[in-house]
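Residue-level listing of the chains:
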Amino acid sequence: MHAEIIGIGTEILLGQIVDTNSAYLARGLADLGIEVYYHTIVGDNADRLTQALDLAATRSDLIVMSGGLGPTADDLTKQTVAKFLHTDLIIDPVTIAKLDQYYQRSQIEPLPNNQQMAMYLDHSTKLPNDVGYAVGSFYQQADGPDVLVLPGPPKEMSWMFDHYVIPALKAAYHRDEFLISRVLRFTEIGESELVTKIDDLIANQTNPTVAPYIKPNEVTLRLTAKAANEVIANQLLDALESQIQQRVGAYFYGYGDDNSLPNEVVQKLIKRDLSITAAESLTAGLFQSTLATIPGVSAIFPGGFVTYANEAKEQLLAIPTNVIEANGVVSEATAIWMAEQARKQMNTDIAVSFTGAAGPDPLEGQPAGTVWIGLAVKDQPTIAQLFHLPGNRNTVRERSVLRAFNLIRQHIL
């Protein structure tokens, strides 16, 4: 199938907001084997939206629209699409009840226009909105393109797509086959290098397919297989993943759309009951702050140290003054002392330390981006590794934190 995505909103045309919905939808449709040939952006104007629909109907099997489902005067999508399809809009009583509860709870007077959020296309599949109020529609035609109407707020759109649109599209277009995806996540390798190592697998893909996506400080591969049942689909994915792991497995850290390297490491530490602490200089608590975002981390993280100044390193970590004077703060020796002392004082299994020059200026003659990360593990020799990280001050700090998580993954997990 060929699809077209139409993003709706004058604020998108004016550059006031970024259209992230179209990218999200394109990826999701690709995973379903639906190729997106066109992206269109239209303002909140009924005539121009109708023109976009007329054009899309001549070249696409599926039209996917997001935006313009709200209660204001410029939210015209549902009305325009209903007129284009020669159908009516009907009111969803479940959404009306949700709106009434909201008014009562908030003690505000309901507005008549708010009812249009509860409307959806007659003779369509209603798409509930579990995180908002604007209802979506999936309208199928025998003699024209099918039409998906989705809300504009990204949180609402993505939730509706993942929980209701995907099952609806699978039921409509994949009745006789099973479709399954698997996401592989990689760190400390760039997209171009990863793609080069598996370029033949990408070039010769049929079933399963493989699609790379670059994300901040990591790369993911989405593998998608179609088969008669789940067992065969997973066998196809296993065979393809085995080839990928043979080539780039050293950079692989986990699976899943919503996973991350810090989460993967913390969950494994929890599972093995390994406690951790940190002593941070250039990262100034960012590693520990990242730990704290992960549920359940309190079971293994008692606390740690932020020792930005040399005096803090001496007073809180009991690092001898002559160590810093002799080696400098940006040094292997200081990183080792910081990690060892943090682990001893907090009595944990693991400690990491960060010291270096985040930038923009050099420190002790070391250029910005020079980072030492120490790793102290109970009953093992303490090590420190030198990194030269590109980017501005905050990027260096963020990359330092991820390097530390990867050190833990490589040396302990």
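The paragraphs below set out a description of the structure included in this document. Model, not experiment: these values are computed from the prediction.

### A short note on the sheet that holds strand 13 (residues 276-280)
- Read across the open sheet, the 5 strands follow the order 14-13-15-16-17; overall the sheet is mixed. Strand pairing shows two members of the sheet lacking a second neighbour, strand 14 (305-306) and strand 17 (383-388), which therefore form its edges.
- The sheet contact formed by strand 16 (residues 370-377) and strand 17 spans 6 bridges and is antiparallel. Looking across to strand 17, one finds that Val371 is bridged to Phe387.
- Docked against the sheet, helix 15 (residues 393-411) engages strand 13, strand 15 (350-357), strand 16 and strand 17, running at close to 30 degrees with respect to strand 16.

### Side note on a nonpolar patch on the surface
- A cluster of nonpolar side chains, contributed by Leu13, Leu14 and Ile41, occupies part of the molecular surface with about 280 Å² of accessible area.
- In this structure, Leu13 sits in helix 1 (residues 10-13).

### Notes on helix 15
- For helix 15, spanning 19 residues, the distance from its first C-alpha to its last is 27 Å, which sits close to the expected 27 Å at 1.5 Å a residue.
- Turning to helix 15, its buried residues are Val396, Arg397, Ser400, Val401, Leu402, Ala404, Phe405, Asn406, Leu407, Ile408 and Arg409.
- Among the residues of helix 15, the N-terminal cap falls to Asn392, whose side-chain oxygen and the backbone nitrogen of Asn394 are separated by 3.3 Å.

### Examining the sheet that holds strand 6 (residues 125-127)
- Here we have 6 strands laid out as an open sheet, ordered 2-1-3-8-7-6, and mixed in their pairing. Because the sheet does not close on itself, it has two edges, and the strands there are strand 2 (35-42) and strand 6. Strand-to-strand twist across the sheet, computed as the mean angle between neighbouring axes with direction ignored, equals 15 degrees.
- Sheet topology note: the strand 1 (residues 2-8)/strand 3 (residues 62-66) ladder contains 5 bridges and is parallel. By the bridge assignment for strand 3, Ile6 is matched with Met65.
- Sheet strands in contact with helix 3 (residues 46-57) are strand 1, strand 2 and strand 3, and its direction is about 170 degrees off that of strand 1.
- Sitting on the sheet, helix 6 (residues 154-173) touches strand 3, strand 6, strand 7 (136-139) and strand 8 (146-150), and the angle it makes with strand 8 is about 165 degrees.

### Some thoughts on the packing of helix 12 (residues 310-317) against helix 14 (residues 332-346)
- The geometry of helix 12 relative to helix 14 is characterised by a closest axis approach of 10 Å and an angle of 35 degrees between their N-to-C directions. Classified by chirality, the crossing of helix 14 by helix 12 is left-handed. On the side of helix 12, the interface is formed by Lys313, Leu316 and Leu317, while helix 14 contributes Thr334, Met338, Gln341, Ala342 and Gln345.
- Of the residues contributing to the contact of helix 12 with helix 14, the split by class is 4 nonpolar, 3 polar and 1 charged.

### Points about the nonpolar core
- Membership of the largest hydrophobic core comes to 33 residues, with the highest contact counts inside it found for Leu269, Ile276, Phe287, Leu291, Phe405 and Ile408.
- Elements that contribute at least two residues to this core include exactly helix 10 (261-272), strand 13, helix 11 (286-292), strand 15, strand 16 and helix 15.
- Sorting elements by how many residues they give to this core places helix 15 first, with 7 residues.
- In contact with Phe287, other than residues within four places in its own chain, are Ile276, Ala278, Glu280, Val352, Phe354, Val401, Ala404, Phe405 and Ile408.
- Membership of the second largest hydrophobic core comes to 24 residues, among which are Leu53, Ile63, Leu69 and Ala134.

### Topic: the pairing of strand 15
- Within strand 15, 8 of the 8 residues are buried, leaving the element largely enclosed by the surrounding structure.
- Going residue by residue along strand 15, you find Ile350, Val352, Phe354 and Gly356 tucked away on one face and Ala351, Ser353, Thr355 and Ala357 tucked away on the opposite face as well.
- Strand direction decides the pairing type here: strand 13 and strand 15, joined by 5 bridges, are parallel. Across the sheet, residue Glu280 finds its bridge partner in strand 15, namely Phe354.
- Strand direction decides the pairing type here: strand 15 and strand 16, joined by 8 bridges, are antiparallel. Across the sheet, the residue bridging to Thr355 is Trp372, located in strand 16.

### Focus on the pairing of strand 1
- The element strand 1 is extensively covered by neighbouring structure, given that 6 of its 7 residues are classed as buried.
- Bridge count for strand 1 against strand 2 is 7 bridges, and the pairing is parallel. Residue His2 lies in a different strand from strand 2, and its bridge partner there is Glu35.

Calculation rules
Residues numbered from 1 in each chain as written. Predicted model: local features only at pLDDT ≥ 70, side-chain atom pairs only at ≥ 80, totals over all residues. Heavy atoms only, no water. Pairing = 2+ DSSP bridges. Helix = DSSP H or I, 4+ residues; strand = E, 2+ residues; numbered from the N terminus. Contact = heavy atoms within 4.5 Å. Axes fitted to C-alpha atoms, helices over the stretch in contact; angles between N-to-C directions. Patch = residues over 30% accessible without salt bridge, like charges linked within 9 Å, V, L, I, M, F, W, Y side chains within 5 Å. Areas by Shrake-Rupley, 256 points an atom, 1.4 Å probe, with all protein chains shown as cover. Salt bridge = Lys/Arg side-chain N within 4 Å of Asp/Glu carboxyl O. Expected span 1.5 Å × (residues − 1). Buried < 20%, exposed > 50% of the residue type's maximum accessible area, 1.4 Å probe, protein only. Polar contact = N/O pair within 3.5 Å; in protein donor to acceptor, adjacent residues only side chain to side chain. Left-handed = near helix turned anticlockwise from the far one by under 90°. Nonpolar A, V, L, I, M, F, W, Y, C, P; charged D, E, K, R; others polar. Core = buried A, V, L, I, M, F, W, Y, C linked by side-chain atoms within 4.5 Å.

The quantities given are spatial measurements derived from coordinates; they are silent on function.
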